[in-house]
Amino acid sequence: MTDRMGSATDAPKVGLFVTCLVDLFRPSVGFAAVRLLEAAGCRVEVPTVQTCCGQPAYNSGDRPDAVAIARNVIGAFETFDHVVVPSGSCAGMIKEHYPRLLADDADWAPRANHVARRCHELVSFLVDVRGWRPTRTRYDGRVTYHDSCSGLRELGIKAQPRYLLGDIDGVVLTEMADTEVCCGFGGTFCIKYPDISNRMVGDKVRAITTTGADTLLAGDLGCLLNLAGRLKRDGSPIRVRHVAEVLAGTCDDAPPIGEATNQPSGRP
Amino acid sequence: MQSTANVFPSNARRALADERLQSVLGMVDGFNGKRARAVDRLPEFEMLRDQARDIKNHTLQHLDHYLERFETRVTEAGGQVHWCRTAEEARQAVLGICRAVGATTVTKGKSMVTEEIALNRFLEQNGLVPVETDLGEYIIQLRQEAPSHIIAPAVHLSARDVEQTFRSHHGDLPDDRPLTEARDLVNEARTMLRQRFLEADVGITGANFLIAETGSTVIVTNEGNGDLTQVLPRVHVVVASLEKVVPTLEDATTILRLLARSATGQEFSTYTTFSTGPRRAGDADGPEAFHVVLLDNGRSALLGTELQEVLRCIRCGACMNHCPIYSNLGGHAYGWVYPGPIGAVLTPALLGVAEAHHLPNASTFCGRCESVCPMRIPLPRLMRHFRERAFRERLPPAQARWALRAWAWVTRRPRLYRLATGVAIGALGWLGRRRGRFRRFPMAGGWTAYRDLPAPQGETFMARWHRERGHDRRA
Ligand code: SF4
């Protein structure tokens, strides 16, 4: 990996919003993100008052709690040059929805807009803002990439992860059918309507399996937990990972999602 | 139509378990590829969406003005407008028109608004014989079912289902008559309907547009049945909701360029028919009388609110064709007239959030509906509006609400959150270390019924970051 600006003092100061799922389920994604950001010449800090972006409350209609959580996040991140998030869904929350949530609040609306303007999803930040490309990074696998709905439609992220994966030695990318269809995760949706969610993840897993890929990547841990959970329940050997782990070359640090060991075949 | 939207979860379960239904559900997918190609062929499609949105926004802002102008023009052309606040008023208006001409048989073109006011049943109860003439509507009328899609009402049925329907309802149909091909079925329906077209005293259609400038009503069909419905009987009744009005013919044609492309991927529907008033002296054909039954039914209450945007809808069906919930359940599970994402907004808007709060909640907010809606209606945002109302009115189950509030209470307190999650994640990581996932998990039955739960790595990011990089930590 290149180290464009190293520790230059003019390196932008990036606040990493880890997301609750990465914090709790898969810290290795957060560390991969830090590594990528540093390789792209950023100084990375992780404010410790962050918890969650508030989507569970916001999407359940609990606006007061969503507002309170949004203020916490805004307060923690407003001094950074950039706020970077390894999730399209949480980045979309901060970028698109915080300004809307706080639009009627004269004090908070400008602060929400300020943070929203500086907020980026990780992969799109690397490509669009930093112009970074991986070098001498290897991952041997036939990969298929799942676009998360918020990343795709709220933030327009589609080309960027594919562009970077094109620079990873050993990766062969095969697209699945219906790439723009949801995997059925939907946060609390998958708990509230498990039968419908199950059908959706079933459709998606079929599309994934049909590609013949041995690795599934995506940029959102919510989708990934859902897809890995179903693939593993079905006994599939497909390895499931966050795209940041492959781009950072840190796959050796942790087994694929839902697996206990790091065997290349992914079989338990 | 009687709503069952309040029991959506059980409707949904039934739909998922219905193998016959599941085997035909893929059918609307065909529209999507055609839509995508039609959009690709029209470079100005995105610009047209903006124009169409602006036309409707302008009209809705001055709705009273345009509706009054529409009425003036209809009257000048020799027709009559009936203003109806409620479904009941609209039913009575139609019945009154039918009675005044001593009608017995009424033919109908496809119209969602007449489904909304449950017109057929009402007319039957009052001794009239309504006959649906759109093929799909005709089939479901025989089966006494509701439409399952706003432009393809019988899309929940296979050709074989239709054959069986015809065999059991068309009395004199010989057993050896082939009815397996689509063309056989169409011919059979056509034979039955031809007679009805000639018998009918009144023809009822809906409208895709009402044009204020000319007092015209516009319908768009692919079968031509709408034309026969409105031209052959003595009286033509148009039943339309008030947001169908647009200022000018040109506005209507702008939106028409989006409608068929978004609906079926056609550039234009086969028939686009403009009707203005009754037959004039010297006209070759046309009805003797022309009525427009203009329905509000709760729509005007949406004006000036965030929900006004839903009134831009042109009922193209693109949102449901692209909805992963709709495509797994079909339309009937939604429990009322309008299924899919538009139904998830319109049903609570018109019937109330207590009746329909499940519909806007049963979405992943994947946003695909909004991305294809030709009128740029922010459907997820409007669904969220109803989620917030439902939450305020305590409609979701108490257990779910309290779990959420408890989670939020902790989440708003980072130190406590750190402490609680650190302990829990440590324990889970340890428990899951052998398999890397759980097959069963307390209180996550909805998840683990169908999927494993990947185990956490065991230490939170925050704890590990603090451990490894504690020196450059910022509070
Ligand atoms: S909401 Fe939009 S996509 Fe859905 S039917 Fe109406 S106009 Fe078509």
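Keep in mind it's a predicted model, so treat the numbers as computed, not measured. (Residues numbered from 1 in each chain as written. Chains lettered and ligands numbered in written order. Predicted model: local features only at pLDDT ≥ 70, side-chain atom pairs only at ≥ 80, totals over all residues. Heavy atoms only, no water.)

1. With respect to the overall build of chain B
Next up, step 1: Helix and strand counts for chain B stand at 24 helices and 12 strands.
Next up, step 2: With the principal axes as the frame, chain B shows a C-alpha extent of 95 × 60 × 45 Å.
Next up, step 3: For chain B, buried positions account for 56% of its 475 residues.
Next up, step 4: Summarising the internal contacts of chain B: among those between residues at least 6 apart in sequence, 72% fall at separations of at least 24.
Next up, step 5: Total accessible area computed for chain B in this model is approximately 20500 Å², and 51% of it derives from carbon and sulfur atoms. (Helix = DSSP H or I, 4+ residues; strand = E, 2+ residues; numbered from the N terminus. Buried < 20%, exposed > 50% of the residue type's maximum accessible area, 1.4 Å probe, protein only. Contact = heavy atoms within 4.5 Å. Areas by Shrake-Rupley, 256 points an atom, 1.4 Å probe, with all protein chains shown as cover.)

2. Notes on the site of the ligand
Next up, step 1: Neighbouring the ligand are 14 residues; Cys313(B), Cys316(B), Gly317(B), Cys319(B) and Cys373(B) lie closest to it.
Next up, step 2: Looking at the shell around the ligand residue by residue, the classes come out as 12 nonpolar, one polar and one charged. (Near = heavy atom within 4 Å. Nonpolar A, V, L, I, M, F, W, Y, C, P; charged D, E, K, R; others polar.)

3. Regarding the domain arrangement of chain A
All names here are of chain A.
Next up, step 1: Each assigned domain of chain A is listed with its residue range as follows: domain 1 (13–128) and domain 2 (134–253).
Next up, step 2: The straight-line distance from the C-alpha centre of domain 1 to that of domain 2 is 22 Å.
Next up, step 3: Facing the 26 residues of domain 1 at the interface are 26 residues of domain 2.
Next up, step 4: Regarding the contact of domain 1 and domain 2, the summed buried area is about 2000 Å², with carbon and sulfur atoms giving 69% of it. (Domains from an automatic or database assignment. Buried area = accessible area lost by both parts, 1.4 Å probe.)

4. A closer look at the nonpolar core
Next up, step 1: Ranked by size, the top nonpolar core spans 117 residues in total, and within it Ile196(A), Phe8(B), Val94(B), Ile204(B), Val237(B), Val293(B) and Leu329(B) carry the most contacts.
Next up, step 2: Looking at this core element by element, the count peaks at seven residues for helix H6 (residues 87–100) of chain B. (Core = buried A, V, L, I, M, F, W, Y, C linked by side-chain atoms within 4.5 Å.)

5. Describing the sheet that holds strand S7 (residues 235–241) of chain B
Residue and element names in this part refer to chain B.
Next up, step 1: Reading across from one edge, S1-S10-S7-S4-S2-S3 is the order of the six strands in this open sheet, with parallel pairing throughout. The sheet is open, and its two borders are formed by strand S1 (80–84) and strand S3 (129–132), each paired with just one other strand. The average angle at which neighbouring strand axes cross in this sheet is 20°, direction not considered.
Next up, step 2: Two elements, S7 and strand S10 (residues 289–295), share seven bridges in a ladder whose sense is parallel. Bridge pairing in S10 places Ala-240 opposite Leu-294.
Next up, step 3: Those strands touched by helix H5 (residues 63–76) are S1 and S10, and its axis lies near 145° from that of S1.
Next up, step 4: H6 contacts S1, strand S2 (105–108), strand S4 (202–205), S7 and S10 of the sheet and is inclined by roughly 170° relative to S10. (Pairing = 2+ DSSP bridges. Axes fitted to C-alpha atoms, helices over the stretch in contact; angles between N-to-C directions.)

6. Topic: the confidence of the model for chain B
Low-pLDDT portions of the prediction should not be read for the details of their coordinates.
Next up, step 1: In this model, chain B carries an average pLDDT of 94, and 99% of its residues clear a pLDDT of 70 or more.
Next up, step 2: For this predicted complex, the interface score ipTM comes out at 0.94, while the overall pTM is 0.94. (pLDDT = per-residue confidence, 0-100.)

7. Description of the packing of aromatic side chains
The description of an aromatic ring pair uses the distance of the two centres, along with the angle that the planes make with each other.
Next up, step 1: Considering all chains together, one arrives at 13 aromatic pairs over all chains under this definition.
Next up, step 2: Seen from their ring centres, Phe31(A) and Phe461(B) are 4.7 Å apart, and the 45° between their planes marks the pair as tilted. Of this pair, Phe31(A) sits in helix H2 (residues 27–39) while Phe461(B) sits in helix H24 (residues 461–469), each in a different chain.
Next up, step 3: Phe31(A) sits in the buried class, given a relative accessible area of 12%.
Next up, step 4: Pairing Phe461(B) with Trp465(B) gives two aromatic rings, centres 5.7 Å apart and planes at 15°, and the pair type is stacked. Taken together, the residues Phe461(B) and Trp465(B), both in helix H24 and four residues apart, mark about one turn of the helix.
Next up, step 5: Among the residues examined, Phe461(B) registers a relative accessible area of 0% and is labelled buried.
Next up, step 6: With a relative accessible area of 1%, Trp465(B) lands in the buried category.
Next up, step 7: Following the ring pairs from residue to residue traces out a cluster consisting of Phe189(A), Tyr193(A), Phe8(B), Tyr326(B) and Tyr334(B).
Next up, step 8: Cation over ring: Arg91(B) sits above Phe122(B), and NZ or CZ is 5.8 Å from the ring centre. (Phe/Tyr/Trp six-rings, centres within 6.5 Å; stacked < 30°, edge-to-face > 60°. Lys NZ or Arg CZ within 6 Å of the ring centre and 35° of its normal.)

8. Quick notes on the packing of H2(A) against H24(B)
Next up, step 1: Their axes nearest at 9 Å, the elements H2(A) and H24(B) cross at an angle of 50°. Taken together, the axes of H2(A) and H24(B) are oblique relative to one another. Considering how the two elements wind past one another, H2(A) and H24(B) form a crossing that is right-handed. Of the residues in H24(B), those touching H2(A) at Pro27(A), Ser28(A), Gly30(A), Phe31(A), Val34(A) and Glu38(A) are Phe461(B), Arg464(B), Trp465(B), Glu468(B) and Arg469(B). (Parallel < 35°, antiparallel > 145°, perpendicular 65-115°, else oblique. Left-handed = near helix turned anticlockwise from the far one by under 90°.)

9. Concerning the interface of chain A and chain B
Next up, step 1: Taken together, the contact pairs 73 residues of chain A with 66 residues of chain B.
Next up, step 2: Taken together, both faces of the contact between chain A and chain B bury some 6200 Å²; the carbon and sulfur share is 59%.
Next up, step 3: When the shortest N-O distance is used, the salt bridge between Asp452(B) and Arg233(A) registers 2.6 Å.
Next up, step 4: Our count for the contact surface shared by chain A and chain B stands at 32 residue pairs in polar contact (both at pLDDT 80 or more).
Next up, step 5: Of the residues forming the side of chain A that touches chain B, the biggest block, nine residues, is contributed by helix H11 (residues 194–210) of chain A.
Next up, step 6: Residue classes in the side of chain A that touches chain B are distributed as 37 nonpolar, 18 polar and 18 charged. (Salt bridge = Lys/Arg side-chain N within 4 Å of Asp/Glu carboxyl O. Polar contact = N/O pair within 3.5 Å; in protein donor to acceptor, adjacent residues only side chain to side chain.)

10. Quick notes on the sheet that holds strand S4 (residues 119–121) of chain A
Residue and element names in this part refer to chain A.
Next up, step 1: With respect to topology, four strands assemble into an open sheet ordered S2-S1-S3-S4, the strand pairing being parallel. In this open sheet, the two strands that pair with only one neighbour each are strand S2 (43–45) and S4. Strand-to-strand twist of the sheet, defined as the mean angle between neighbouring strand axes without regard to direction, takes the value 35°.
Next up, step 2: Where strand S3 (residues 82–85) lies against S4, three bridges are found, and the strand directions are parallel. Within S4, the residue paired with Val-84 across the bridge is His-120.
Next up, step 3: Strand contacts of helix H5 (residues 88–101): S3 and S4, with the helix running at about 160° to S4, the strand carrying the most contacts.

11. Let's talk about a nonpolar patch on the surface
Residues and elements named next belong to chain B.
Next up, step 1: There is a patch of nonpolar side chains on the surface, built from Leu-198, Leu-228 and Leu-232 and spanning about 280 Å² of accessible area.
Next up, step 2: With respect to the helices, strands and loops of the structure, Leu-232 is situated in the loop between helix H12 (225–231) and S7.
Next up, step 3: According to the relative accessible area criterion, Leu-232 is partly exposed, its value standing at 41%. (Patch = residues over 30% accessible without salt bridge, like charges linked within 9 Å, V, L, I, M, F, W, Y side chains within 5 Å.)

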